[in-house]
Amino acid sequence: MKTSKPLLILLLIWSTMPFSYGQTNYRHLEIQKIADGVYAAIHRNGGHGICNAGIIDLGDATVVFDCMMTPAAALELQQAAKELTGREAKYVVNSHYHNDHIRGNQVFSNATIISTSKTAELIKLRGPEELASDKRDAGERLQGWKSNPVSQDPHTEKERIGMIGYYEALSSSVKDIVITTPKATFKGSMSLHGTVRSVELIDMGEGHTQSDAVLWLPNEKILFAGDLLFVETQPWMLDGDPENWLRILERISDMQPETIIPGHGPVASTAAIDPLRTYIRTVMDAAAQVAVGNNEKLKCPPPYDRWMLSVFYFPNVMGMAERNGKSGKGK
Ligand SMILES: [Zn+2]
């Protein structure tokens, strides 16, 4: 192919220009700039990322916070890290052990994967058994969701597309997943220092799971909250301690973050804390009722019936009720 000289010069100039965010259209994630060198990677509904993630430029090193559920999504995250910061991730933080936050780990083979000691323990303990169960069930559950008819109701349709995306992600990736455990662990907190900024990793204790860590930028007041914050999305409540989760939300509020990147849902502020707090209390109240034989509260009330992952309401209430029954609460 013959290329004219002016076009060649233009192409040369273009090829040396740095990529800016938003230049690449990713299938599984959408990049949002939060501040200079700080980006949120937001899961695209129907894509295979499932959780939100973060990319933070420390100046001489790049941190990725949570790495999504599939190697395909994690590859996009790594690509975005390179485009936005000019280098691969040096550190990858796993906020907690859930599959949608850790199954991209294997893509970051040159990075040091960091989590709390408890989270590393849970990945080792639960990772292989969850993978085995996904290998057994994901295909069938995908077919189940696919057999649901297209809905005329926009919210129901958005949920259907999201659930199909989730089970497609699971069933297409399970054969390639190698459970990859963190190589560096901490208790309490640790800092990562760079030439431009430092970030703090803080173990907030038992909330959404038995150990949930956040990434905090104290100067910019930006918090990557992992699954301690869900926005317009129902959280899974059965792997942690909901009462302590409420205390953790108080602590997050006291930190006065200006921007919070939740584990699921759109980028938010502290205004998103109260709706989640109310949801957790609603589930706890409903569970107390169910534990004494009153099943009226089993139906998901508004506004939560219009949140994403509304399928979680029933198991959350039933699971909490069972727990109350065992502990003698609600009697
Ligand atoms: Zn989670």
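Computed from a predicted structure; not experimentally measured.

Visitor: Could you give an account of the packing of helix α6 (residues 242-254) against helix α7 (residues 273-291), with specific residues and numbers?
Guide: In contact at an axis separation of 10 Å, α6 and α7 are set at 165 degrees when each is read in the N-to-C sense. Between α6 and α7, the crossing angle belongs to the class labelled roughly antiparallel. The hand of the α6/α7 crossing is left-handed. In this structure, α6 contributes Pro242, Glu243, Trp245, Leu246, Leu249, Glu250, Ile252 and Ser253 to the contact, and α7 contributes Ile273, Leu276, Arg277, Ile280, Arg281 and Met284. Across the contact of α6 with α7, the residue classes break down as nine nonpolar, one polar and four charged.

Visitor: Account for the coordination of the zinc ion, naming residues and giving values.
Guide: With distances of 2.1 to 2.2 Å, the protein atoms coordinating the zinc ion are His96 (NE2), His98 (ND1), His208 (NE2) and Asp227 (OD). One can describe the site at the zinc ion as irregular: its four donor atoms subtend angles covering 87 to 171 degrees at the metal. We note that the donor set of the zinc ion lies within a single chain, spaced as H-x1-H-x109-H-x18-D. A residue pair is termed long-range when its members are at least 10 positions apart, and His208 in the loop between β9 (198-203) and β10 (213-217) and Asp227 in strand β11 (residues 222-230) qualify at 19 residues. For the residue pair His208 and Asp227, the accessibility class agrees, reading buried in each case.

Visitor: Just give me the short version of the packing of aromatic side chains, but keep the residues and values in it.
Guide: Here the distance between the centres and the angle between the planes together describe a pair of aromatic rings. All told, the structure shown has seven aromatic pairs when counted by the stated rule. With a centroid separation of 4.9 Å and an interplanar angle of 90 degrees, the aromatic rings of Tyr304 and Trp307 are classed as edge-to-face. What makes Tyr304 buried here is its relative accessible area of 7%.

Visitor: Please give an account of the sheet that holds strand β12 (residues 259-264) that cites residues and values.
Guide: Here we have five strands laid out as an open sheet, ordered β8-β9-β10-β11-β12, and mixed in their pairing. The open sheet has two free edges, formed respectively by β8 (189-193) and β12, since each of these has just one partner strand. Going from strand to strand, the sheet's axes swing by 25 degrees on average, the running direction of each strand aside. Looking at chain direction, β9 and β10 are connected through four bridges and run antiparallel. Each bridged residue has a counterpart across the sheet, and for Leu201 the counterpart in β10 is Leu215. On top of the sheet, α6 reaches β9, β11 and β12; it is set at about 160 degrees to β11, its chief contact.

Visitor: Can you lay out unusual backbone geometry for me, pointing to particular residues and giving the numbers?
Guide: The omega angle of the peptide bond from Pro302 to Pro303 is 5 degrees, so this bond is cis rather than trans. Here Pro303 lies in the loop between α7 and α8 (313-327). The phi dihedral of Ile50 falls on the positive side, at around 70 degrees, and the residue is not glycine. Mapped onto the fold, Ile50 is located in the loop between β2 (38-43) and β3 (53-57). Under the relative-accessibility criterion, Ile50 is labelled buried at 10%. Of note, the phi angle at Asp66 is positive, near 65 degrees, even though the residue is not glycine. Within the secondary structure layout, Asp66 lies in the loop between β4 (62-65) and α2 (71-85). A relative accessible area of 0% means that Asp66 is categorised as buried.

Visitor: Break down the sheet that holds strand β7 (residues 184-186) for me, citing the residues and quoting the values.
Guide: Within the open sheet, the seven strands sit side by side as β1-β2-β3-β4-β5-β6-β7. Their pairing is mixed. The sheet terminates laterally at β1 (29-35) and β7, the two strands that pair on one side only. For this sheet, the mean inter-axis angle between neighbouring strands, taken without regard to orientation, is 20 degrees. Note that β4 and strand β5 (residues 91-93) share three bridges and pair parallel. Bridge pairing in β5 places Val64 opposite Val92. Where α2 meets the sheet, its contacts fall on β1, β2, β3 and β4, and the angle it forms with β3 comes to roughly 25 degrees. Across the sheet, helix α4 (residues 117-146) touches β6 (112-116) and β7, and the angle it forms with β6 is around 105 degrees.

Visitor: I'd like a rundown of the nonpolar core, residues and numbers included.
Guide: Counting residues in each nonpolar core, the largest one holds 37 residues, and the members touching the most others are Met204, Leu223, Leu229, Trp245, Ile252 and Ile280. Of all the elements in the fold, those that place two or more residues in this core are β10, β11, α6, α7 and α8. When residues in this core are grouped by element, the largest group, nine residues, is from α7. One finds Ala89, Val92, Val107 and Ile113 within the second-largest nonpolar core, a separate group that totals 23 residues.

Parameters and conventions
- Residues numbered from 1 in each chain as written.
- Predicted model: local features only at pLDDT ≥ 70, side-chain atom pairs only at ≥ 80, totals over all residues.
- Heavy atoms only, no water.
- Axes fitted to C-alpha atoms, helices over the stretch in contact; angles between N-to-C directions.
- Helix = DSSP H or I, 4+ residues; strand = E, 2+ residues; numbered from the N terminus.
- Parallel < 35°, antiparallel > 145°, perpendicular 65-115°, else oblique.
- Left-handed = near helix turned anticlockwise from the far one by under 90°.
- Contact = heavy atoms within 4.5 Å.
- Nonpolar A, V, L, I, M, F, W, Y, C, P; charged D, E, K, R; others polar.
- Donors = N, O, S within 2.8 Å, 3.2 Å for Na, K, Ca; no water.
- Tetrahedral: all angles 85-135°; square planar, octahedral: opposite > 155°, others 65-115°.
- Buried < 20%, exposed > 50% of the residue type's maximum accessible area, 1.4 Å probe, protein only.
- Phe/Tyr/Trp six-rings, centres within 6.5 Å; stacked < 30°, edge-to-face > 60°.
- Pairing = 2+ DSSP bridges.
- Core = buried A, V, L, I, M, F, W, Y, C linked by side-chain atoms within 4.5 Å.

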